[in-house]
Amino acid sequence: MNEDFNRSTMTNEFSQLGLQSQIVEAVTSLGYITPTPIQSQIIPLMLEGHDVIGQAQTGTGKTAAFILPILQALQPGRRGIQALVMTPTRELALLVMKAVNDYGSVLKVRALAVYGGQPYGPQINRLKQGVDVVVGTPGRILDLIDKNVLDLSSLRTVVLDEADEMLSMGFVEDIETILGKTPEKRQTALFSATISSGISTIAKKYMHSPKSVIIKSK
């Protein structure tokens with residue numbers, strides 16, 4: 001959890017970023033008071049509905065930077081998946097899933113992590129019961145789409161986390177296929193340690209006037 005926040009003396013408090021009180025309380029209850037630089041810049045932009053590109057290393061707090069706005073935008077009781085987070089590995093999917101559950105505990109968010117190496121049955125059953133946020137690896141996400149059990153037609157936000165890692169692992173075609181299944185009117189957030197030509201191509205093709213935030217590594 002320390003990766004997601006720093007306890008420095010930055011003046012920005014989470015309550016000043018436009019987050020609703022329930023989410024601020026959840027963050028505060030976990031012991032975090034001040035946002036990291038990427039959080040203080042990304043959160044307001046996402047709350048305003050902008051597409052964003054965040055260039056930052058692991059350990060800068062980017063997970064909370066996109067999870068908190070996603071939680072705020074969720075419409076309780078709405079049918080269909082509202083947010084999708086793509087990650088390169090099962091390990092990162094589970095970390096993001098934990099963040100969703102930790103920060104969204106008071107909101108009773110229905111979240112599901114999907115990745116290879118696990119049986120399809122439980123994941124399919126959960127999707128049929130209703131899920132708000134899906135976190136997963138591109139290969140398994142695409143498998144579930146092909147099985148007609150993962151419907152992205154009501155999606156409002158999609159996040160590409162560690163995009164450079166996903167591209168280097170050969171997921172570019174899967175990512176493009178998945179993005180092609182999402183609504184034209186959606187919010188897209190992309191996070192990467194480096195911005196390669198491949199990432200720039202995806203951004204130009206699938207994002208709408210994205211705002212860029214660059215966090216220099218220390």
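Provided above is the structure to which this section pertains.
Residues numbered from 1 in each chain as written. Predicted model: local features only at pLDDT ≥ 70, side-chain atom pairs only at ≥ 80, totals over all residues. Heavy atoms only, no water.

**Considering the overall build of the protein**
Link 1 in the chain: Counting its regular elements, the protein contains nine helices and seven strands.
Link 2 in the chain: The C-alpha radius of gyration of the protein comes to 16 Å, within 12% of the 17 Å expected for a compact globule of 218 residues.
Link 3 in the chain: Along the longest, intermediate and shortest principal axes, the C-alpha atoms of the protein span 50 × 40 × 30 Å.
Link 4 in the chain: Here the protein holds 218 residues, and the buried ones make up 51% of them.
Link 5 in the chain: Summarising the internal contacts of the protein: among those between residues at least 6 apart in sequence, 73% fall at separations of at least 24.
Link 6 in the chain: Surface exposure of the protein reaches about 10100 Å², of which carbon and sulfur atoms provide 50%.
Link 7 in the chain: Between the averaged position of the 21 positive side-chain charges in the protein and that of its 20 negative side-chain charges there is a distance of 5 Å. (Helix = DSSP H or I, 4+ residues; strand = E, 2+ residues; numbered from the N terminus. Rg over C-alpha atoms; globule rule 2.2 N^0.38 Å. Buried < 20%, exposed > 50% of the residue type's maximum accessible area, 1.4 Å probe, protein only. Contact = heavy atoms within 4.5 Å. Areas by Shrake-Rupley, 256 points an atom, 1.4 Å probe, with all protein chains shown as cover. Lys, Arg positive; Asp, Glu negative; His and termini not counted. Charge placed at Lys NZ, Arg CZ, Asp CG, Glu CD.)

**Some thoughts on the environment of Lys185**
Link 1 in the chain: Mapped onto the elements, Lys185 comes out in the loop between helix H8 (172-180) and strand E6 (187-192).
Link 2 in the chain: In sequence terms Lys185 and Gln20 are 165 residues apart; their C-alpha atoms lie 24 Å from each other.

**Digging into the packing of aromatic side chains**
Link 1 in the chain: Enumeration according to the criterion identifies one aromatic pair in this entry.
Link 2 in the chain: One cation-aromatic arrangement involves Arg140 over Tyr120; the distance from NZ or CZ to the ring centre is 3.9 Å.
Link 3 in the chain: One cation-aromatic arrangement involves Lys147 over Tyr120; the distance from NZ or CZ to the ring centre is 4.5 Å. (Phe/Tyr/Trp six-rings, centres within 6.5 Å; stacked < 30°, edge-to-face > 60°. Lys NZ or Arg CZ within 6 Å of the ring centre and 35° of its normal.)

**Topic: the nonpolar core**
Link 1 in the chain: Within the largest apolar cluster, 42 residues are counted, with the highest numbers of intra-cluster contacts made by Phe66, Leu68, Leu71 and Val133.
Link 2 in the chain: At the level of elements, helix H1 (21-29), helix H2 (37-47), helix H3 (62-73), strand E2 (83-86), helix H4 (90-103), strand E3 (111-114), strand E4 (133-136) and E6 are the ones that each hand at least two residues to this core.
Link 3 in the chain: The contacts of Phe66, once residues within four sequence positions are left out, are Met46, Val85, Val96, Val159, Asp161 and Phe191.
Link 4 in the chain: In terms of nonpolar packing, the next biggest core, distinct from the first, is built from 32 residues, Met86, Leu155, Ala163 and Met207 among them. (Core = buried A, V, L, I, M, F, W, Y, C linked by side-chain atoms within 4.5 Å.)

**Some details on the packing of H3 against H4**
Link 1 in the chain: One can describe the packing of H3 onto H4 by two numbers: an axis separation of 10 Å at closest approach and a directional angle of 50°. Here H3 is positioned oblique relative to H4, judged by the angle of their axes. Of the two elements, H3 crosses H4, and the hand of that crossing is right-handed. Counting all contacts with H3, which are made through Thr63, Ala64, Phe66, Ile67, Leu68 and Leu71, the residues of H4 involved are Val96, Ala99, Val100 and Tyr103. (Axes fitted to C-alpha atoms, helices over the stretch in contact; angles between N-to-C directions. Parallel < 35°, antiparallel > 145°, perpendicular 65-115°, else oblique. Left-handed = near helix turned anticlockwise from the far one by under 90°.)

**Let's talk about H2**
Link 1 in the chain: Buried within H2 we find Ile38, Gln39, Ser40, Ile42, Ile43, Leu45 and Met46.
Link 2 in the chain: Structurally, H2 contributes buried residues whose contacts are with strand E1 (52-55), H3, strand E5 (157-160), E6 and strand E7 (211-214).
Link 3 in the chain: One or two residues past the end of H2 sits Gly49, with phi positive at roughly 95°.

**Focus on the environment of Thr60**
Link 1 in the chain: Relative to the helices and strands, Thr60 is located in the loop between E1 and H3.
Link 2 in the chain: Classification of Thr60 as buried rests on a relative accessible area of 16%.
Link 3 in the chain: The sequence separation of Thr60 and Thr36 amounts to 24 residues, and the corresponding C-alpha distance is 6.8 Å.
Link 4 in the chain: Among the polar contacts made by the side chain of Thr60, one reaches the main-chain carbonyl oxygen of Gln57 at a distance of 2.8 Å. (Polar contact = N/O pair within 3.5 Å; in protein donor to acceptor, adjacent residues only side chain to side chain.)

**Observations regarding helix H5 (residues 120-129)**
Link 1 in the chain: Those residues of H5 that fall on the buried side of the exposure criterion are Gln123, Ile124 and Leu127. Burial along H5 is one-sided: seen end-on, the buried residues are contained in an arc of 100°. Away from its buried face, by an angle of more than 90 degrees, H5 presents the exposed residues Lys128 and Gln129.
Link 2 in the chain: Buried residues in H5 make contact with E3, E4 and helix H6 (138-146).
Link 3 in the chain: Two residues or fewer past H5, Gly130 is found with a positive phi of approximately 115°. (Arc of directions from axis to C-beta.)

**Brief notes about the sheet that holds E4**
Strand pairing in a sheet relies on backbone hydrogen bonds. The paired strands run either parallel or antiparallel.
Link 1 in the chain: Taken together, the seven strands give an open sheet; going across it, the order is E3-E4-E2-E5-E6-E1-E7, and neighbouring strands pair in parallel fashion. Sheet topology places E3 and E7 at the edges, where each strand pairs with a single neighbour. In this sheet, neighbouring strand axes are inclined to one another by 15° on average, regardless of whether the strands run parallel or antiparallel. (Pairing = 2+ DSSP bridges.)

Honestly, it's all geometry; don't read function into it.
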